[in-house]
Amino acid sequence: MKYACAIFALAATPAANAFTLTMGSGNTFGRAFRISTWGESHGGGVGVTLDGCPPRLELSRDEIQVDLDRRRPGQSRITTPRNEADSVEILSGLTPDGITTGTPIAMLVRNKDQRSTDYLNNDMSVAYRPSHADATYDAKYGVRAIAGGGRSSARETIGRVAAGAVARKILKLYNGIEVLAYVSKVQDITSEVDDDTFTREDVDSNIVRCPDADAAETMLARIDTIRKAGNSIGGVVTCVARNVPAGFGSPVFDKLEADLAKACMSIPAAKGFESGDGFEGTLLSGKDHNDEFYIDPVTGATRTKTNRSGGIQGGISNGENIVIHVAFKPTSTIGQKQATVTRDGLEVELRGKGRHDPCVLPRAVPMVEAMVAMTLVDALMIQNAQCELFPNEAAQDQKPNPMGVTAVREGGPRESVLVGDGEAISQRIDEE
């Protein structure tokens, strides 16, 4: 009876004082290509509902499983030993012969090797792990999933990687776009990798997932030293998206690098994001940092001589390789004693239990790829909805010159014409 009265009171509120409350629960990502992930680390399973996938796309379970196998635990001595096959089940959105129907695609991975007693039968049931989400989840909700960390566990990313595999296929079919990531730095150990040429095979040639074999060996030795001491270590994952056409991203709040930053910073343990030269670019002058344009002598397209912008200018892709860097902190749960507090406010010492990655970087590689791929598909669909709805039928000399790696000017490069007797063109620019 008490609840009925409360409902009646709300219904009787004058329209002038009415309000709408929209809850942002944080489990959904994307606009046109949209995912919602669900499930917990020690629950029955985890998964994703993908909405907005184009119809009539050939899609198989095996294509998705390839990416999940790269993410799964138990791959090597430098990843968590939790033994999960992470076998995906596609529950909806496909015809019996594997064609997408345009309706939501639901995918499920069942948990098989969770050990909740590692969390429940010791101090971890009442004490917060330092720098973990334990304390903040409890502060926000007033309750938390103790076993496995619940939604804060990296196991949540299974749904992202599964949906990312679908996004990867869409990008490949659309313009031969490929999204590849690798471990570029572990602590202070850097690598030398040609972002234009490295392959997935190069990345997966060692358990660190660094294409630079010499650097990978040094990185592995450092990770092993940290792991044996019951500690953890962090670093940087670099991601490159090739063959992305010019035009992805929208000013001013939906700039492509802003969307990519949100996507990548939502990955567990991510603590930093850079686009192009990022913070290193602040050490240069404008003259040194600017990517000068030129005309490709073969395709006639507008290109840049350098790529310090990381393929994005003004928040919009310029047709060059998109290059981003994501920093990951050391894993919070470690086997050494740390000072912390209990839920009821007592100071204690805690030694982490359970199975955890001493370094999240090797398994973060497919996670970053997935988030970048989904962000690009979302941008692709929005670009086509707004700017490609009506074809630009203007004469070629009235259109901007095609731009980017995969762009081709009809008839090839224009004949060069000197302007101003070869002197630099002078412009007066008034900008706030």
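Residues numbered from 1 in each chain as written. Predicted model: local features only at pLDDT ≥ 70, side-chain atom pairs only at ≥ 80, totals over all residues. Heavy atoms only, no water.

### What about the nonpolar core?
Stated precisely, the cut-off is as follows: Residue types Ala, Val, Leu, Ile, Met, Phe, Trp, Tyr and Cys, when buried and joined through side-chain atoms within 4.5 Å, form a set referred to as a nonpolar core. Any residue under 20% of the maximum accessible area for its type is buried, any over 50% is exposed, and the rest in between are partly exposed; the area is computed with a 1.4 Å probe on protein chains only. Segments assigned H or I by DSSP are reported as helices when at least four residues long, segments assigned E as strands when at least two residues long, and all are numbered from the N terminus. Only heavy atoms matter for contacts: two residues are in contact if any of them lie within 4.5 Å across the pair.
Counting 80 residues, the largest nonpolar core has F328 and L376 as the members making the most contacts within it. Sorting elements by how many residues they give to this core places helix α10 (residues 361–387) first, with 14 residues. Beyond its immediate chain neighbours, meaning those up to four positions away, L376 contacts L171, V179, A241, V244, F248, L256 and I322.

### Overview of the sheet that holds strand β1 (residues 28–29)
Worth spelling out the cut-off: Strand pairing is assigned whenever DSSP identifies at least 2 bridges connecting the two strands.
Across the sheet, five strands lie side by side as β1-β2-β3-β5-β4; this open sheet has antiparallel pairing. With partners counted over all chains shown, the strands left at the sheet margins are β1 and β4 (88–90), one partner each. Judged from the six bridges that link them, strand β2 (residues 34–39) and strand β3 (residues 45–51) form a sheet pairing that is antiparallel. Among the inter-strand pairings, S36 is bridged to a residue of β3, identified as T49.

### With respect to the pattern of salt bridges
Stated precisely, the cut-off is as follows: Salt bridge criterion: a side-chain nitrogen from Lys or Arg within 4 Å of a carboxyl oxygen from Asp or Glu.
Tallied over the full model, the rule gives 28 salt bridges. Among the salt bridges present, the one from R160 reaches E156, with a minimum N-O distance of 3.1 Å. Take R160 and E156: they sit in the same class, and that class is buried. Between R200 and E369 there is a salt bridge whose closest N-O contact spans 3.9 Å. Highlighted residues: R200 in helix α6 (residues 200–203) and E369 in helix α10, separated in sequence by 169 residues.

### Quick look at the packing of helix α2 (residues 61–71) against helix α5 (residues 157–175)
Short version of the rule: To obtain each axis, a line is fitted to C-alpha atoms, and for helices this fit is confined to the stretch in contact; angles are then taken between N-to-C directions over 0 to 180 degrees. Oblique is the label for any angle not under 35 degrees, not over 145, and not in the 65 to 115 range, which are roughly parallel, roughly antiparallel and roughly perpendicular in turn. Should the near helix be turned anticlockwise from the far one by less than a right angle, the crossing is termed left-handed; should it be turned clockwise, right-handed. Under this grouping Gly is polar, as are all residues other than the nonpolar Ala, Val, Leu, Ile, Met, Phe, Trp, Tyr, Cys and Pro and the charged Asp, Glu, Lys and Arg.
Running from N to C, α2 and α5 point in directions that differ by 135°, and their axes come no closer than 9 Å. Considering their axes alone, α2 and α5 lie oblique with respect to each other. The two elements α2 and α5 cross, and the hand of that crossing is right-handed. On α5, the residues that touch E63, I64, D67, L68 and R71 of α2 are T157, I158, V161, A162, A165, V166, R168 and K169. Taken together, the residues that form the contact of α2 with α5 break down as seven nonpolar, one polar and five charged.

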